[in-house]
Amino acid sequence: MNETRKRVLNALNESDGARSGPDLADELGVSRAAVWKQIEALREEGFEIESTDTGYRLRTVPDRGQSALELGLDAPFTIEYHEEIDSTNRRARELAEAGESDVVVVADTQTEGRGRLDRKWESPPGGVYLSILCRPDLSPAQAPLYTLAAAVATTRAARETGTDARIKWPNDVLVVEEDGETRKLAGILTEMQGETDRIAWIAVGIGVNLDEPEVEGSTGLRSHTKTVDSTAFIQRILEEFDALRSDPDSIIPAWREYAITIGERIRVKTEREEFVGQAVAIESPGTLLIKTVGGTVRVNAGDCEHLRPEE
Ligand code: BT5
């Protein structure tokens, strides 16, 4: 958000009464015209700002949008908001190539939402689609940690709304229904550009269903909880993600807390191989250990299917 706009909005938001234009201009060290311009811009974004005899008063905040997302966000990200975009990950890559960092691209709907391996991510309007672009001081081999961090952050934010969200290795956030079936609530797609010993940039894409999409085996947050404030929900994901990235040692223990994969009989398909066995552990940076008849194998990436014990 424009820095002056952000400060005008914060000042209005923190004030109990109305704030006069000259007063705001003095406090922020900008011209009255600049304050007025930002008030108009905020109104265009959907903020209801009343003009009274004593000045401006903030009445309501819009449900979505860049300023609403940045207001009160306790994480050092700039938001780029789109009502519609092809893919937030595609846009994050473009921003990365332009040298940006710590930007989150958020969209209300995507026309070409992507899953892993060129799969499609259904992105109807009113869902949560975001990509966090950052430049961590990590080696490319440690990148999976960020996927796990995103899964933990999403799971925690979903659990705060009252949904019993869990994680399936490596990147699915699921809800275990009463009949024992699992349904996919969110997916994560991490893309990056690596140098030999350091990540140049990483874009962590997170898609969360609010309403249930027309995809078999999927669910939405609103099927489990009556009201979801999508702006607050996105902010909680970003705040949790930021806390986890600043303490990378906390990521794997947090992931284990919510994971349903460990101890399960699973089938994992990697690009070239397929393993069936029992998931016994996860190791940094996200390697799954599977006990198979031929011995214990370690896999870093793949599609994981939970099997019934007798299969
Ligand atoms: C994922 O892939 O789960 C990663 C999804 C990442 C989406 C986000 S949205 C913001 C950012 N921008 C993007 O363009 N992408 C990211 P994967 O594990 O490959 O799962 C894909 C499979 O999930 C599909 O083949 C479908 O079977 C299923 N699926 C598609 N849309 C879904 C949805 N909305 N909800 C649940 N399942 C879905």
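You'll find the structure just up there.
First, a word on scope: everything that follows refers to the structure included in this document. Model, not experiment: these values are computed from the prediction. Every chain is numbered independently, its residues counted from 1 as its sequence is written. Where local features are concerned, this predicted model is filtered to residues with pLDDT of at least 70; where side-chain atom pairs are given and counted, the filter is 80 or more; whole-chain, interface and lining totals use all residues. Values reported for side chains reflect all heavy atoms of the structure, with hydrogen atoms and water molecules removed beforehand.

1. Description of the site of the ligand
Around the ligand, 25 residues are found, and the nearest of them are S87, R114, R119, K184 and N209. Polar contact is the term for a pair of N or O atoms within 3.5 Å; when the atoms are in protein, one must be able to donate a hydrogen and the other to accept it, and sequence-neighboring residues count only if both atoms are side-chain atoms. Interatomic distance of 2.7 Å between a side-chain N/O atom of S87 and an oxygen atom of the ligand. One nitrogen or oxygen atom from the side chain of N209 is found 2.9 Å from a nitrogen atom belonging to the ligand. In isolation the ligand has 800 Å² of accessible area, and contact with the protein removes 89% of it. A run of DSSP states H or I qualifies as a helix once it reaches four residues; a run of E qualifies as a strand once it reaches two. Both are numbered from the N-terminal end. Those elements giving two or more residues to the shell around the ligand turn out to be α5 (88-97), β5 (128-134), β8 (182-194) and β9 (199-208). Counting residues per element, the shell around the ligand draws most heavily on β8, at 4 residues. When at least one non-hydrogen atom of a residue lies within 4 Å of a molecule or strand, that residue is treated as near it. In short, Shrake-Rupley with a 1.4 Å probe defines the accessible areas, and a residue's cover is counted only from the protein chains shown.

2. A word on the sheet that holds strand β11 (residues 274-283)
In this description, strands pair whenever DSSP reports at least two bridges between them. Spatial strand order, β13-β12-β11-β10-β14: 5 strands in an open sheet with antiparallel pairing. The strands lining the two open edges of the sheet, one partner per strand, are β13 (295-299) and β14 (303-306). Pairwise comparison of adjacent strand axes, ignoring direction, gives a mean angle of 45° for this sheet. Judged from the 5 bridges that link them, β11 and strand β12 (residues 287-292) form a sheet pairing that is antiparallel. Each residue of the ladder has a partner; that of I282, found in β12, is L288. Helix axes are fitted only over the stretch in contact, all axes being lines through C-alpha atoms; the angle between N-to-C directions runs from 0 to 180 degrees.

3. Quick look at the packing of helix α1 (residues 3-14) against helix α3 (residues 32-44)
Where α1 contacts α3, the two axes come as close as 9 Å, and the packing angle between them is 80°. The angle between α1 and α3 places the two elements in the roughly perpendicular class. From α1, T4, R5, V8, L9 and L12 reach across to α3, where they touch Q38, I39, A41 and L42. In this scheme, roughly parallel covers angles under 35 degrees and roughly antiparallel covers those over 145, while 65 to 115 is roughly perpendicular and the rest are oblique. Whether two residues are in contact is decided by their heavy atoms: any pair within 4.5 Å suffices.

4. Quick look at α3
Any helix carries an expected span of 1.5 Å times its number of residues minus one. For α3, with 13 residues, the first-to-last C-alpha span of 19 Å sits near the 18 Å given by 1.5 Å per residue. We call a residue buried when its accessible area falls under 20% of the maximum for its residue type, exposed when it is over 50%, and partly exposed in between, using a 1.4 Å probe and counting protein chains only. For α3, every residue scored as buried is listed here: V35, Q38, I39, A41 and L42. Along α3, the residues classed as buried sweep out an arc of 165° about the axis, all on the same side. The outward face of α3, more than 90 degrees from its buried face, is lined by the exposed residues R32, A33, K37 and E44. Think of the arc as the fan of directions from the helix axis to the C-beta atoms.

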